[in-house]
There are 2 protein chains.
Amino acid sequence: MTEQEIAAVLERAEHLCRGRGARLTQQRRTVLRLLCASDKPLSAYELLDRMRGCIKNPAPPTVYRALDFLLEHGLVHKLESLHAFVGCAHPEHTHAGQFLICSDCGDVSELEDSAVAKSLQAAGKAAGFRMTRPVVELIGTCAHCDGGKQT
Amino acid sequence: MTEQEIAAVLERAEHLCRGRGARLTQQRRTVLRLLCASDKPLSAYELLDRMRGCIKNPAPPTVYRALDFLLEHGLVHKLESLHAFVGCAHPEHTHAGQFLICSDCGDVSELEDSAVAKSLQAAGKAAGFRMTRPVVELIGTCAHCDGGKQT
DNA sequence: TAACGAAACGTTATAAAATAACGCGCATGT
DNA sequence: ACATGCGCGTTATTTTATAACGTTTCGTTA
Ligand SMILES: [Zn+2]
Ligand SMILES: [Zn+2]
Ligand SMILES: [Zn+2]
Ligand SMILES: [Zn+2]
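Residues numbered from 1 in each chain as written. Chains lettered and ligands numbered in written order. Predicted model: local features only at pLDDT ≥ 70, side-chain atom pairs only at ≥ 80, totals over all residues. Heavy atoms only, no water.

Undergrad: Break down the overall build of chain A for me, citing the residues and quoting the values.
TA: Of regular secondary structure, chain A possesses 6 helices and 5 strands. The N-to-C order of helical and strand elements in chain A reads α-α-α-α-β-β-β-β-α-β-α. When its C-alpha atoms are laid out on the principal axes, chain A stretches across 50 × 40 × 30 Å. Counting every position in chain A, which comprises 151 residues, the buried fraction comes to 46%. Relative to all contacts within chain A whose residues are 6 or more apart in sequence, the contacts with residues 24 or more apart total 49%. Approximately 8,100 Å² of chain A is accessible, and the part contributed by carbon and sulfur atoms is 50%. Counting 18 positive and 18 negative side-chain charges, chain A places the centres of these two groups 9 Å from one another. (Helix = DSSP H or I, 4+ residues; strand = E, 2+ residues; numbered from the N terminus. Buried < 20%, exposed > 50% of the residue type's maximum accessible area, 1.4 Å probe, protein only. Contact = heavy atoms within 4.5 Å. Areas by Shrake-Rupley, 256 points an atom, 1.4 Å probe, with all protein chains shown as cover. Lys, Arg positive; Asp, Glu negative; His and termini not counted. Charge placed at Lys NZ, Arg CZ, Asp CG, Glu CD.)

And the structure:
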């Protein structure tokens, strides 16, 4: 994410939290900013390392508490298969992320495919299941890494 | 899974491995059996505890190695969002599991919804992504726990 | 059958991810 | 000022997963 995009995300996060009566504290803002600034998903402990620059002596609960808050408010996503987190670029409307994860280069991109969302919804409904959080992570090789090797 | 179903799964696993020149050793068979016999997904360490009855002094690598083998051969699935494992009841044809995970009762059921599979395939293809392993875990409330509270 | 190489396994140690527990201090509203 | 709740610091611990290395077992071949 570019500096400007990050600034925009922080701005929107601010508004969103204010509207909900939630407090986007310094630490939470820092974690969100670091995740947005990273070109790859960060584990809680990588995040912890990067926080050392901004916050004095952070410990695991520091980062996990911030992440819990940001997850609750839909400002970040957790990639279960990687034990890592990414900032969400589109937090304004609630959405469940769908992710393409390249196992070659580590690149992750977020989808919001309505056909996928609908089929999941339908599959759940058919089983009488009330879905609260779909986890969709497609692991494979991205277009760049596939490099025309496959037709 | 009933005793008979477990026996059938073990039988088929045996054939499948023989056909591939893979060795379904005692430990691997034990892990598969324990997973099938459990009424809920088991973490590696729960599995480790249950192995103590059958195998002398098992250590973490013991169970993780068996799990790696069984995962490779599609005999078990890993639930990424739970850090837990389940036996697969339909290992004969390769398939990527789709799971409904009830956060109330912990019950997990495996789906194989072709509409979901197709939409995922299509979404990946549209992004030039070559998918090797889809992770689909729908977290919510099962029909039983929902208990007619919601229409 | 004896020798060989690969795969499986035992064992110890360590890394990585996540949470528990407890008290302090600050923001907010009365 | 006071009470209440939330956020946070801090320490310790639990849970999940892997590294490393030597030994055994198994199938193959000389
Ligand atoms: Zn998002
Ligand atoms: Zn890639
Ligand atoms: Zn299956
Ligand atoms: Zn349930």
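Now that the structure has been shown, the text picks up again.
Undergrad: Describe the environment of Glu14(A), naming the residues involved and giving the relevant values.
TA: Residues and elements named next belong to chain A. Tracing the backbone shows glutamate 14 in helix α1 (residues 3-20). Classification of glutamate 14 by relative accessible area gives partly exposed; the value is 23%. Separated by 11 residues in the primary sequence, glutamate 14 and threonine 25 have C-alpha atoms spaced 9.6 Å apart. For glutamate 14, the contacting residues outside a window of four places in its chain are Leu24 and Arg29.

Undergrad: Give me the lowdown on the coordination of the zinc ion (ligand 4), citing residues and values where you can.
TA: All names here are of chain B. The protein atoms that coordinate the zinc ion (ligand 4) are Cys102 (SG), Cys105 (SG), Cys142 (SG) and Cys145 (SG), at distances of 2.2 to 2.4 Å. The site at the zinc ion (ligand 4) holds 4 donor atoms, and with the angles between them running 106 to 115 degrees, its shape is tetrahedral. Site description for the zinc ion (ligand 4): donor spacing in sequence, C-x2-C-x36-C-x2-C. Here cysteine 102, found in strand β3 (residues 98-102), pairs with cysteine 142, found in the loop between β5 (130-141) and α6 (143-146); they are 40 residues apart in sequence, far enough to count as distant. (Donors = N, O, S within 2.8 Å, 3.2 Å for Na, K, Ca; no water. Tetrahedral: all angles 85-135°; square planar, octahedral: opposite > 155°, others 65-115°.)

Undergrad: Just give me the short version of the protein's contact with DNA strand D, but keep the residues and values in it.
TA: Around DNA strand D sit 18 residues, and of these Thr25(A), Arg65(A), Tyr45(B), Tyr64(B) and Lys78(B) come closest. Of what DNA strand D places within 4 Å of the protein, 55% of the atoms are sugar or phosphate. Gln27(A) places a polar side-chain atom, nitrogen or oxygen, 3.0 Å from a sugar or linking oxygen of DNA strand D. Tyr45(B) is positioned with one of its side-chain polar atoms (N or O) 2.4 Å from a base nitrogen of DNA strand D. At the level of secondary structure, the elements contributing two or more residues to the surface near DNA strand D comprise α2 (26-37) and α4 (60-72) of chain A together with α4 (60-72) of chain B. Counting residues per element, the surface near DNA strand D draws most heavily on α4(B), at 4 residues. Along the lines of polarity and charge, the residues of the surface near DNA strand D split into 6 nonpolar, 6 polar and 6 charged. (Near = heavy atom within 4 Å. Polar contact = N/O pair within 3.5 Å; in protein donor to acceptor, adjacent residues only side chain to side chain. Nonpolar A, V, L, I, M, F, W, Y, C, P; charged D, E, K, R; others polar.)

Undergrad: Describe the packing of helix α3 (residues 44-51) of chain A against α4(A), listing the residues and the values that go with them.
TA: Residue and element names in this part refer to chain A. Look at α3 against α4: their axes get within 9 Å of each other, and the N-to-C directions meet at 110 degrees. Classified by the angle between their axes, α3 and α4 sit roughly perpendicular to one another. Here Ala44, Tyr45, Leu47, Leu48 and Met51 of α3 come into contact with α4, specifically with Pro60, Thr62, Val63, Tyr64 and Leu67. (Axes fitted to C-alpha atoms, helices over the stretch in contact; angles between N-to-C directions. Parallel < 35°, antiparallel > 145°, perpendicular 65-115°, else oblique.)

Undergrad: Would you mind going over the packing of aromatic side chains in detail, with residue names and values included?
TA: Applying the stated rule across the entire model yields 2 aromatic pairs over all chains. With a centroid separation of 6.3 Å and 70 degrees between ring planes, the pair formed by Tyr45(B) and Tyr64(B) is classed as edge-to-face. Of the two residues, Tyr45(B) sits in helix α3 (residues 44-51) while Tyr64(B) sits in helix α4, which places them 19 residues apart along the sequence. What makes Tyr45(B) partly exposed here is its relative accessible area of 46%. Between Arg28(A) and the ring centre of Phe69(A), over which it is positioned, the NZ or CZ distance is 3.9 Å. (Phe/Tyr/Trp six-rings, centres within 6.5 Å; stacked < 30°, edge-to-face > 60°. Lys NZ or Arg CZ within 6 Å of the ring centre and 35° of its normal.)

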